[in-house]
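One letter stands for each residue in the lines below.
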Amino acid sequence: MAAQPGGHQKPFHVVSPVLESLPLSKAAGTKVFMKLENVQPTGSFKIRGIGHLCQEAAKRGCRRFVCASGGNAGVAAAYAAKKLGLPITVVIPSTSGPIPKRKLEELGATVEVYGKAFDDANTRAQELLKTEGWVSIHPFDDPLVWQGHSSLVRELKDSLETKPDAIVLSVGGGGLLAGIVEGLLQVGWQDVPIIAAETQGAHSFHEALKAGQLVTLPDITSVAKCLGAKTVAARALECAQQCQIISQVVEDTEAVGAVEQFLDDERMLVQPACGAALATLYTGRLQRLQRQGRLRTPLTSVVVVVCGGGSINTAQLRGLKSQLGME
């Protein structure tokens, strides 16, 4: 279906469920609600912001989309392009693995493999943009992407009886974080602390917060490749001026352990990138933050954004455990 110029289009994402998790509540010592973004049509929250960006670009006469992505963002862009009846080229780094590539091709995208990290793929994507009418779909650094992601908070406000005492999420490039902050400001929840989780080796936001300026990691060494932006969006750092953001860095083993535990607990398989947020709950970090006086005591409830599971299967989970010596 082609975009109707100037017409209002229905968004490509669905209103995702908010469910209480008894196992996570027990681990965290407070009521935990899961915002299940892993059930989005493309398997992750990315379709919110990227779908919105693609719809807006189509209205302005875009002829082809170009996107650099290690996985979920590219799949979301390819899904949106298919819905809009427009072609797309997605550049992915070699570390992305076979699942995203296959999904992209199934959605009709032209896939190009380039470089080892998102930043390499993005450089190549920028080169392709020299053709007139081709539009860049950035996975996380675009105001329209943040605007799209902000819908998640409006849904939380509609679903929850009371405001949560914290929101737990994973940070890669910072697009979800920026969208959540925008949403919190829109609904008047700007006093809700955000616990921003990353894995060691993909912790560019943590380093930026510490330095008070953007920091570029020399390389992405974490297995959580979907968190693999060597530099976060500048907007992510600005968000720390508008809301209370508490950075938490977990080990790869903790993130992968959380993925396995969550599969047992909730019968859902998510990626290590999502496991980073879950690990903050499973490993007692919430209670530690309370003891340090950085979170209120007692907490009435927290929300964890279950951001995605589109790029993993059980064989990969076994492979990650073996790679990390967790067998």
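Calculation rules
- Residues numbered from 1 in each chain as written.
- Predicted model: local features only at pLDDT ≥ 70, side-chain atom pairs only at ≥ 80, totals over all residues.
- Heavy atoms only, no water.
- Helix = DSSP H or I, 4+ residues; strand = E, 2+ residues; numbered from the N terminus.
- Buried < 20%, exposed > 50% of the residue type's maximum accessible area, 1.4 Å probe, protein only.
- Arc of directions from axis to C-beta.
- Contact = heavy atoms within 4.5 Å.
- Expected span 1.5 Å × (residues − 1).
- Core = buried A, V, L, I, M, F, W, Y, C linked by side-chain atoms within 4.5 Å.
- Domains from an automatic or database assignment.
- Pairing = 2+ DSSP bridges.

Student: For the environment of T131, give the residues involved together with the corresponding values.
Tutor: Structurally, T131 is set in the loop between α5 (118-128) and β6 (134-136). Here the alpha-carbon distance between T131 and R64, two residues 67 residues apart in the chain, equals 9.3 Å.

Student: Talk me through α5; I want residue IDs and the actual numbers.
Tutor: For α5, the full list of buried residues reads F118, A121, N122, A125 and L128. Each buried residue of α5 lies within a common arc of 110 degrees when the element is viewed along its axis, so the set occupies one face. Of the surrounding secondary structure, the elements contacted by the buried residues of α5 are β3 (64-68), β4 (88-92), β5 (110-113) and β6.

Student: So what's going on with helix α8 (residues 175-187)? Which residues, and what values?
Tutor: End to end, α8 covers 19 Å across 13 residues, agreeing with the expected 18 Å (1.5 Å per residue, within 8%). Here α8 lies mainly inside the structure; ten of its 13 residues are buried. By the burial criterion, the buried members of α8 are G175, L176, L177, A178, G179, I180, V181, G183, L184 and V187. G188, located one to two residues past α8, shows a positive phi value of around 80 degrees.

Student: Hey, could you go over the nonpolar core for me, with residue numbers and the actual values?
Tutor: Core analysis: the largest hydrophobic core is formed by 97 residues, its most contacted members being F65 and V304. Here this core takes nine residues from helix α3 (residues 72-84), the largest share from any one element. When residues of this core are sorted by domain, at least three fall in each of domain 1 (18-45 + 142-324) and domain 2 (46-136). Those residues in contact with F65, other than ones at most four positions away along the chain, are C54, A57, A81, L84, L86, P87, I88, T89, V135 and I137.

Student: I'd like a rundown of the pairing of strand β2 (residues 31-36), residues and numbers included.
Tutor: With five of six residues buried, β2 lies mostly within the body of the structure. Where β2 and strand β10 (residues 301-306) come together, six bridges link them in parallel fashion. Its bridge partner being in β10, F33 is matched across the sheet by V303.

Student: An account of unusual backbone geometry is requested, with residue identities and associated values reported.
Tutor: Across the junction of T297 and P298, the peptide omega takes the value -5 degrees, indicating a cis bond. Its identity as a non-glycine residue notwithstanding, R267 has a phi of 60 degrees, on the positive side. Mapped onto the elements of the fold, R267 is located in the loop between α11 (252-266) and α12 (272-282). For R267, a relative accessible area of 65% translates into the label exposed.

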